[in-house]
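Structural description and commentary
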Amino acid sequence: MTQYVWTLRAPGIRNLQRVTTLEEMQETLMVLELPGGVPPAWILTNTGSSDDAGHGHYTHNAGGNDEWSLTWTRLDL
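The present account deals with the structure reproduced in this document.

**Concerning the overall build of the protein**
Looking only at helices and strands, the protein has 2 helices and 4 strands in total. Each helix and strand of the protein, ordered N terminal to C terminal, gives the series β-β-α-α-β-β. Taking the contacts inside the protein whose residues are at least 6 apart along the sequence as the reference set, 39% of them involve residues at least 24 apart. Of the roughly 4,700 Å² of accessible surface on the protein, 48% is carried by carbon and sulfur atoms.

In structure tokens, the structure reads:
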């Protein structure tokens, strides 16, 4: 099972750091009801500001208090 270490930075939420599966990461992000929704799984595993598939950074920028970012790295266990 592939695990990811990830950090969410969002207004009103203390920096959230976790190690989970991709599915658990998606579930957590959905529960938080972040502005603009949750980045789809293909962004988290294949794109973003990424040097390698599975590693990257996603920023939702609706401006002001709606800006949040997610950084993740796939762990190869």
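**A few points about the sheet that holds strand S3 (residues 55-60)**
In spatial order, the strands read S2-S1-S4-S3; together these 4 strands make up an open sheet with antiparallel pairing. Looking along the sheet, the strands with just one partner apiece sit at the ends: strand S2 (13-20) and S3. Across the sheet, the mean angle from the axis of one strand to that of its neighbour is 10°, orientation sign disregarded. In the packing of helix H1 (residues 22-32) onto the sheet, the strands contacted are strand S1 (3-10), S2 and strand S4 (68-75), and the crossing angle to S1 comes to about 20°.

**Digging into the nonpolar core**
Trp6, Leu8, Met25, Leu29, Trp68, Leu70 and Trp72 are the most contacted members of the largest nonpolar core, which has 13 residues in total. Only S1, H1 and S4 provide two or more residues apiece to this core. Counting residues per element, this core draws most heavily on S1, which supplies 4 residues.

**Notes on the pairing of S1**
Along S1, 6 of the 8 residues are buried, which leaves the element largely enclosed by surrounding structure. For S1 and S2, the ladder comprises 6 bridges, and the chain directions are antiparallel. Its bridge partner lying in S2, Leu8 is registered against Leu16.

**Thoughts on the packing of aromatic side chains**
Both the distance between ring centres and the angle between the ring planes are used here to describe each pair of aromatic rings. One pass over the structure, following the stated rule, counts 1 aromatic pair. With 5.5 Å between their ring centres and 50° between their planes, Tyr58 and Trp68 make a pair best called tilted. Of the two residues, Tyr58 sits in strand S3 while Trp68 sits in strand S4, which places them 10 residues apart along the sequence. Comparing Tyr58 with Trp68, the two get one shared label, buried.

Calculation criteria
Throughout, residues of each chain are indexed from 1 in the direction in which the sequence is written. Only residues with pLDDT of at least 70 are given local features in this predicted model, and only at 80 or more are side-chain atom pairs given and counted; all residues enter the totals for whole chains, interfaces and linings. As a rule here, side-chain values cover all heavy atoms of the structure and leave hydrogens and water aside. Helix and strand assignments come from DSSP, with helices taken as H or I runs of at least 4 residues and strands as E runs of at least 2, each series counted from the N terminus. Residues count as neighbours in contact if any of their non-hydrogen atoms are within 4.5 Å of one another. Calculation of accessible area relied on Shrake-Rupley with a 1.4 Å probe; when residues are assessed, cover is drawn exclusively from the protein chains displayed. By the convention used here, strands pair only if DSSP detects at least 2 bridges between them. Note on geometry: axes are lines fitted to C-alpha atoms, helical ones only across the stretch in contact, with angles between N-to-C directions running from 0 to 180 degrees. We call a set of buried Ala, Val, Leu, Ile, Met, Phe, Trp, Tyr and Cys residues a nonpolar core when their side-chain atoms join them within 4.5 Å. Exposed residues in this analysis have more than 50% of their type's maximum accessible area, buried residues have under 20%, and partly exposed residues fall in between, with area computed by a 1.4 Å probe over protein chains only. Two aromatic rings, drawn from Phe, Tyr or Trp (for Trp, its six-membered ring), form a pair once their centres lie within 6.5 Å of each other, and the interplanar angle then sorts them: stacked below 30 degrees, edge-to-face above 60, tilted otherwise.

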